[in-house]
Amino acid sequence: IGTAIMAGIVTVIYSSFFTASRNVDQAEELRDTTDLARTLIAKLSNDIANAYVNPGMNAPAVTTIFYGKKVQPATGDEKNRYDELYLTALTNWRRPDSQQTDLLEVGYYFKEKTDGSGYVMMRREKRELSKDSPALEGGVEYAMTDRVESLQLRYKSGTSWSDEWNNKSALPSAVEITLLLDDGSAYITQVDVGR
């Protein structure tokens, strides 16, 4: 009888530890996902909020830009989009002795994985802007994450919203960011531009 009681107690204790361990793992996974989403949205939001376009700088070559493009995979599935955004922003971190300006050209886009199993979110930075280096060319690119299932961007002009932006002389008043991660979690925010 004593052995049976002891076995029951050990089973209950083991079950409690197993459940607690599983709950801790789930909480850590949720925290990691939330941290990733927060980091991606903060990076995008900072660049968008500090966007800068000056038509006077764009003659004859284009130097300052704000260009958003709706991109859907070949399946045409509206819920999974991999939108692209290219802009110049006043977010360049530079050394005090550098000849660089505060302007930075930034691009967010996706590249298909080599094995074809999904997409990797990329970021491109070009720190030296000049008329000799056209927009959307040059710079350094790096992978941000492969956990994004969808990135949808919408642009506000007046009271209407559109899925693309290609006005060379003006910025949208706001950008809506909808981010969907591979665990199914969705994050939506709206960023005022140039304010």
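The present account deals with the structure reproduced in this document. Quick caveat, the model's predicted, so the values are computed rather than measured.

## Some thoughts on the pattern of salt bridges
This model, assessed by the stated rule, comprises 13 salt bridges. Between Arg38 and Asp35 there is a salt bridge, with its nearest N and O atoms 3.0 Å apart. Placement of the pair is Arg38 and Asp35 together in helix α1 (residues 2-49), with a separation of three residues, close to one helical turn. Looking at Arg38, the relative accessible area reads 52%, which means it is exposed. Owing to a relative accessible area of 31%, Asp35 belongs among the partly exposed residues under this scheme. Across the pair Lys113 and Asp146 runs a salt bridge whose closest N-O atoms are separated by 3.4 Å. On the criterion of sequence distance, the pair formed by Lys113 in the loop between β3 (104-112) and β4 (119-126) and Asp146 in the loop between β5 (140-145) and β6 (148-157) is long-range, its members being 33 residues apart. The class for Asp146 is partly exposed, based on a relative accessible area of 40%. Connected through salt bridges with shared partners, the residues Asp47, Arg123, Glu125 and Arg127 form a single ionic network.

## A closer look at the sheet that holds strand β9 (residues 186-192)
Here four strands make up an open sheet; going across it, the order is β7-β6-β8-β9 and the pairing antiparallel. Where the open sheet ends on each side, the last strands, each with one partner, are β7 (160-162) and β9. Going across the sheet, the axis of each strand differs from the next one's by a mean of 20 degrees, ignoring polarity. Where β6 lies against strand β8 (residues 174-181), eight bridges are found, and the strand directions are antiparallel. Of the residues in β8, the one forming a bridge with Val148 is Leu181.

## Quick look at the environment of Glu84
Position of Glu84 relative to the elements: it lies in strand β2 (residues 84-89). Accessibility expressed as a relative area gives 17% for Glu84, which makes it buried. For Glu84 and Leu153, which are 69 residues apart along the polypeptide, the C-alpha to C-alpha distance reads 8.2 Å. Here Tyr86 takes part through its side chain, which lies 3.0 Å from a polar atom of the side chain of Glu84.

Criteria and thresholds
- Residues numbered from 1 in each chain as written.
- Predicted model: local features only at pLDDT ≥ 70, side-chain atom pairs only at ≥ 80, totals over all residues.
- Heavy atoms only, no water.
- Salt bridge = Lys/Arg side-chain N within 4 Å of Asp/Glu carboxyl O.
- Helix = DSSP H or I, 4+ residues; strand = E, 2+ residues; numbered from the N terminus.
- Buried < 20%, exposed > 50% of the residue type's maximum accessible area, 1.4 Å probe, protein only.
- Pairing = 2+ DSSP bridges.
- Axes fitted to C-alpha atoms, helices over the stretch in contact; angles between N-to-C directions.
- Polar contact = N/O pair within 3.5 Å; in protein donor to acceptor, adjacent residues only side chain to side chain.

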